[in-house]
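# Chain and residue survey
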Amino acid sequence: MKNQAIRLMALFFLGMVAGGVLVTVTLGGQVDEITHNNQLLSQQLELCRDELNQLKKSLGEKEKKVVTGIEPHIAILGENMARLEEKNTILVLEKQVRQWLEPVKGQEVDKLNYSLVPQIIDNRAVEFEGANYQLKVQLVVIDTNIIIYVEAKKEKLTRPVNQPSEPDAEF
């Protein structure tokens with residue numbers, strides 16, 4: 001009788017552990033997705049604040065069209081990535097493209113050198129999670145909001161073997 005009660009309790013606790021593992025696995029994907037959405041919304045909020053500040057500045061100059069926003073569209077070529085990994089990679093690449101084009105914000109559209117905008121990004125590489133992403137500009141639409149379409153190709157990161165700067169001291 002006592003052994004049977006111990007077995008039933010052991011099975012009960014084993015069921016609790018198995019249920020806990022199942023719940024953790026199920027909720028883990030949802031937590032990843034929510035975390036990604038939170039990062040995306042934070043980035044969008046930051047961009048909206050920047051754009052609002054640029055619009056406030058340009059209100060005083062009604063006749064002039066001023067660059068107020070940068071909208072990159074990234075496509076990753078030839079890679080079979082997990083959906084979340086691809087979204088995070090695109091998020092990082094978009095942030096880097098915006099950072100490179102930040103000096104263009106606030107400039108008048110009419111006075112902007114159109115040929116330099118794609119050259120800022122074209123053939124540059126971004127390192128993320130152990131890989132280099134080579135960027136290639138496909139299309140640029142320049143107005144108060146610069147829209148830029150970029151293709152990214154993943155290349156494995158290769159690092160040279162570190163050479164010691166000084167000879168090893170003997171112990």
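These numbers were taken from a predicted model, which means no experiment stands behind them.

Quick look at helix α1 (residues 2-59) now. The end-to-end C-alpha distance of α1, which contains 58 residues, comes to 83 Å, matching closely the 86 Å that a straight helix rising 1.5 Å per residue would cover. The largest bend in α1 comes to about 25°, at Leu-27. Those residues of α1 lying buried are His-36, Gln-43, Gln-54 and Ser-58. Those residues of α1 hidden inside the fold are in contact with α2 (83-101).

Let's shift gears to the nonpolar core. Core analysis: the largest hydrophobic core is formed by 26 residues, its most contacted members being Leu-101, Ile-121 and Leu-135. For this core, the secondary-structure elements that each account for two or more residues are β1 (69-77), α2, α3 (116-121), β2 (125-128), β3 (131-141) and β4 (145-156). The element best represented in this core is α2, accounting for five residues. Excluding its chain neighbours within four sequence positions, the residues that come into contact with Ile-121 are Val-97, Trp-100, Leu-101, Leu-135, Val-137, Ile-148 and Val-150.

Let's shift gears to the environment of Ile-74. Examined against the element boundaries, Ile-74 turns out to sit in strand β1. Judged by its relative accessible area of 10%, Ile-74 falls in the buried class. Sequence separation between Ile-74 and Glu-94 is 20 residues; the distance between their C-alpha atoms is 6.8 Å. Excluding its chain neighbours within four sequence positions, the residues that come into contact with Ile-74 are Ile-90, Leu-93, Glu-94, Val-97, Val-150 and Ala-152.

Criteria and thresholds
Residues numbered from 1 in each chain as written. Predicted model: local features only at pLDDT ≥ 70, side-chain atom pairs only at ≥ 80, totals over all residues. Heavy atoms only, no water. Helix = DSSP H or I, 4+ residues; strand = E, 2+ residues; numbered from the N terminus. Expected span 1.5 Å × (residues − 1). Bend = angle between axes of the 7 residues up to and from the residue. Buried < 20%, exposed > 50% of the residue type's maximum accessible area, 1.4 Å probe, protein only. Contact = heavy atoms within 4.5 Å. Core = buried A, V, L, I, M, F, W, Y, C linked by side-chain atoms within 4.5 Å.

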